[in-house]
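# Survey of secondary and tertiary structure
Residue strings, one per chain:
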Amino acid sequence: MEPMVLLNALVTRLLFVLHSLIGVWRVTAAKKEPKYWLLALLNLLLCLETGLTLKFKQGRGYKWFSPAIFLYLICIVPSLWLLEIHHGTQYCGNEPGAVQVNVSNPDFNQSRDSSHGSEGTGHHIIQTAKVLVNQLSTICETVWTLALHQTFLLLLVVGRWLLPIGVEITRDQLSQLLLMFVGTAADILEFASETLDIEDVRKNYALINAILAVWTWSMLQFPLDLAVQHIGCKPAASTRRIPSLLLCRYSAELWNIGVSLFIQDGPFFIVRSILMGHFRIFNQMLVFFTAKNILVVTLQLYRLAVITIDFRATILQKSRKGEVSCCPCEPYEASTHANTDQDTEMKEFVAFPPKEESQAPSEDQ
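Worth saying up front: this structure is predicted, and the values here are computed from it rather than measured.

Parameters at a glance
- Residues numbered from 1 in each chain as written.
- Predicted model: local features only at pLDDT ≥ 70, side-chain atom pairs only at ≥ 80, totals over all residues.
- Heavy atoms only, no water.
- Helix = DSSP H or I, 4+ residues; strand = E, 2+ residues; numbered from the N terminus.
- Buried < 20%, exposed > 50% of the residue type's maximum accessible area, 1.4 Å probe, protein only.
- Contact = heavy atoms within 4.5 Å.
- Areas by Shrake-Rupley, 256 points an atom, 1.4 Å probe, with all protein chains shown as cover.
- Expected span 1.5 Å × (residues − 1).
- Salt bridge = Lys/Arg side-chain N within 4 Å of Asp/Glu carboxyl O.
- UniProt positions renumbered as here; feature names shortened; annotations may be inferred.

### Focus: the overall build of the chain
A count of helices and strands for the chain gives 16 helices and 2 strands. Residue burial in the chain is summarised as follows: out of 365 residues, 39% are buried. In the chain, of all internal contacts separated by at least 6 residues, the share reaching a separation of at least 24 is 77%. Of the roughly 20,500 Å² of accessible surface on the chain, a fraction of 64% belongs to carbon and sulfur atoms.

Structure, rendered in structure tokens:
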């Protein structure tokens, strides 16, 4: 096993565990009940995954799916749910001093002076750390919750970058995936913070649970790498049906469209429409992001139509030449013993060719 692969695998999972433990600590402090420390046991799943990955995959990732990211979601999402629900019952001042760490208090200055006068640098660092921990404990829970949301999404992107990649994904594909994750994380953070900060939403626990459910649903796209990988289909097995051909050639594009319509922008648009239409909640940012979701969904449907038209034109051209291709890099000539059902489906799919092509003489003539 390569030393850098082992180091990256261990460091990334250690960051996941530490962040998850901070979330559990904040839940225990907010609820003031030690029983919530049991949430830390979820990290045992991540530890088990680490051992299995190091043993069977030499620390490298899997194809299409990242178990470490998925288990990290399982560890941290329950804590964020509890903090968001508790958020609605806690008052937090809006003064700037209430959300900032004050490191200029007398205790801090006294400890700093005494450390310079009679004690070494090590004692000074310990005293400074104690003061900072005490100050962090006094920060409002709403600020802690937002900070956990922000660091959570940043750690998902950075962690996916640091995790060793498998042999099935290239560095070029990984860079594309990370750029997509940055934009996706920003949209998800905006959705959670913008909707949950509305005062009328905070008064309705059903709305809070619904928004958190949609937020959790949108997070499920992070463990998957299908957005940058094409399905490795074999021509002989994939040319029997038109849907198989379409999925084989445009698998990554279709996954991106499906994520936008059914996991992210589609559900976000539904939630925001319900807030405005049923609950009569309006503000400038809510209207703007609703319009943005509508635009994205429309463009994704337009993209789907373009892909379908292009695929239909390709099939029409190939059928006239007597060959079918699964992917541009894998040409495949049709067999003389092809299934008649396949020929029938091909004819139905290209039953309405363009006028100028329909007037052209056929090869049989």
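Okay, back to it.
### Topic: helix 1 (residues 3–31)
When the terminal C-alpha atoms of helix 1 are compared, their 42 Å separation across 29 residues agrees well with the 42 Å that a helix rising 1.5 Å per residue should span. With its phi angle positive at about 60°, Lys32 sits one or two positions after the end of helix 1.

### Digging into the pattern of salt bridges
Where charged atoms from two side chains of opposite charge approach closely, those side chains can pair. In the structure shown here, the tally under the stated rule is 9 salt bridges. For Glu141, the salt bridge is made with Arg26, and the minimal N-O distance between the two is 2.1 Å. Remark: Arg26 occurs in helix 1 and Glu141 occurs in helix 6 (residues 141–162); sequence separation between them is 115 residues. With its nearest N and O atoms 3.3 Å apart, the salt bridge here joins Lys35 to Glu33. Look at Glu33 and you get partly exposed, because its relative accessible area is 31%.

### Considerations on the UniProt feature "transmembrane region" (unreviewed entry) in the chain
Under the feature "transmembrane region" (unreviewed entry), the UniProt entry names residues 6–24, 36–52, 64–83 and 204–220. Between the C-alpha atoms that bound residues 36–52 there is a distance of 28 Å. The span itself is 59% helix and 0% strand. Structurally, residues 204–220 comprises 88% helix and 0% strand, and the distance from its first C-alpha atom to its last is 25 Å.

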